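# Observations on the model geometry
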Amino acid sequence: MIPPTALQWLRSPALTPLWTAIRGRLQRNGRQATGRLTVRCPEHEQREAVGQLLGRAVGSEAGIDLAALDRLLRSSAAGAGLVDVVEAITGPIPDRRAAAAAEQDRRASLREQALAAASTAGLDGQVWLTEWLDRAFRGGIAGRLPSQETHRLLTRAITTLGLILAGTGGLWSRGELAEQVTGTAHGLDDDTLLNRLVLRGIALATTGQAEAPASAVDRRALWESVGVAGDTVATTALTYGLVPLGDGWQATQLRERASHHREAHLTLRDLRQLLPIRLAPQTVYVCENPRVLEAAAQARVRAAMVCTLGNPTAVTLALIDAVAANDGVRLRYHGDFDWPGVAIAGRLMRRTGAGPWRFTAADYEAAVLATRDPDTPPHQLSGAPVATAWDPDLATAMLREGVAVHEERVTEALLADLMRNG
C-alpha cells in the first residue's frame, strides 16, 4: 500500500501528463519499467512537480529513464515500484504484449479447428480454402465474436461448403441446406453472416472472385451454379421429348407427355424421384431460349430437348447432368450469339462435355447474314468478350462483326435440324 500522504502528492494535477505518458509506455512494454521517454512540461507547475519527483531541475522537456524512476519510487516515501504507482493513480495497466500473444494463439487455435472441419467436410487441399480463411479472419470475425461463436460459425460455413462443393450432399434447396447445417430453415437467409461467408467461399471456389456478387439476382445465380435451388417446388427445368427408361410413374409420365408432343416442367422434388434418369443412346439438344423448344413442340418433332431459360438454374443443371451421365447420350448446345450466351455455353460444355449445335464461327457468320435487315439496325454486342474454347474463331468473328444474334432469330435453322435428326 502506498501511504495516503505520498499518494495524494503523486496524484497532483501537475504530474498527470507524466503518469499518462508513462502508462502508455508501460502498456506497450508489457508492463516492464524499461526504456526512456520524453515528457513535455510547458507549465511552471509541471516543471516544479516533475523536478521534485526526479530530484533534479527540468526544463520544458524532461527525459525520463523508467528503470531509474522505478528505483527512485521504491526508495521514496511511496515505497512502491513504477507499475504499482501508475496503477494506483490511473487504474490497471493492460499488458498489450501478452494480450496480443494470447489473441494470436486464440486465432491460431481457431484456424486449426477450421482446417480440421475442412478435412471432415472433404475440402482437404482445396486451393481456395487458405484465401477464404485469411479473408474471414481479416474481416474481423474473430475480433467481433467470442471464440466459441467464431468456431461454430466457421464450422457451419465449412460444413455447408463441403456439402455443396465436395459432392457429399446431392440436390438441395437453400432452406433444406440451412436446416441440415444450422437446425433452422432460415440459417442461410440473405441477412446472415453465415450466408455471406458461404457465398464468398462459393465465389472463390468457382470463379476465383474474392467477394460474393452484390445483387440479389447474381447471388441467387451463384447458389444455383453449385446445385442449390431457392426451394424444391417453385423453380423448374423445362424439357421436351425426354423418354426415360423404367417403370416408375415419373418416367411413365414423361414418356406419355413426349408421345403427345408436350413439354414438361420438372421441379427439384420431381428430379429426386427420377434420378438416376436412364436413357437410350441418342442426341439431346440443349437450347437457351424457350421459343426454340416451343417451336419444336408445335412442329411435333421427336428429338429430346432441355431448355436452360437463360443462365441455367440448379434444377436445370441437375437435369442436364443426369442426362449427360448416360452412356451413348450426346449433348449438343445452342444459345445466344452474345457474350453472356457464349459464357453459358462454355460453362455447360466444360461441365457436361456437350458439343456445339450450330454454334461455331461459320454458324455465327451465316446467322449475321441471314438476319441482316436494311430497315432494322443490328443488335450490337455489349459487355466483356468471352473466349470460345470449342471454336476460338467464333470469338474472333464476334469481335470483328460486333453484332449479337439472339437464338430465337435462328429458330427455323435449329428446327430444321431437329426435324431431320429427331
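So, here is what we can say about the structure in this document. (Residues numbered from 1 in each chain as written. Predicted model: local features only at pLDDT ≥ 70, side-chain atom pairs only at ≥ 80, totals over all residues. Heavy atoms only, no water.)

## Focus on the pattern of salt bridges
Should their charged atoms come close, side chains of opposite charge can pair. Summed over the entire model, instances satisfying the criterion amount to 16 salt bridges. Taking the shortest distance from any N to any O, the salt bridge between Arg200 and Glu211 comes out at 3.4 Å. Within this pair, whereas Arg200 is found in helix 11 (residues 193-207), its partner Glu211 is found in the loop between helix 11 and helix 12 (216-225), the two being separated by 11 residues in sequence. On the accessibility criterion, Arg200 (27% relative accessible area) is partly exposed. In this structure, a network of salt bridges that share partners links the residues Glu103, Arg106 and Arg107. (Salt bridge = Lys/Arg side-chain N within 4 Å of Asp/Glu carboxyl O. Helix = DSSP H or I, 4+ residues; strand = E, 2+ residues; numbered from the N terminus. Buried < 20%, exposed > 50% of the residue type's maximum accessible area, 1.4 Å probe, protein only.)

## Some details on the layout of surface pockets
Taken as a whole, the largest pocket encloses approximately 820 Å³ of empty space. Lining the largest pocket are 28 residues, and of these Thr206, Thr207, Ser225, Asn311 and Arg347 lie nearest its centre. Counting residues per element, the ones that place at least two in the lining of the largest pocket are helix 11, helix 12 and helix 17 (339-352). It is helix 17 that contributes the most residues to the lining of the largest pocket, eight residues altogether. (1 Å grid on protein atoms, 1.4 Å probe; cavity = no way out; pocket = protein on both sides within 12 Å on 5 of 7 lines; lining within 4 Å. Points joined across faces, edges and corners; volume = space filled by probe spheres on them.)

## Quick look at the pairing of strand 7 (residues 282-287)
With five of six residues buried, strand 7 is to be regarded as a mostly interior element. Here strand 7 runs beside strand 9 (residues 329-333); their pairing, made up of five bridges, is parallel. Across the sheet, the residue bridging to Tyr285 is Arg332, located in strand 9. Across four bridges, the pairing between strand 7 and strand 8 (residues 304-307) is parallel. (Pairing = 2+ DSSP bridges.)

It is worth stressing that arrangement in space is one thing and function is another; only the former is reported here.
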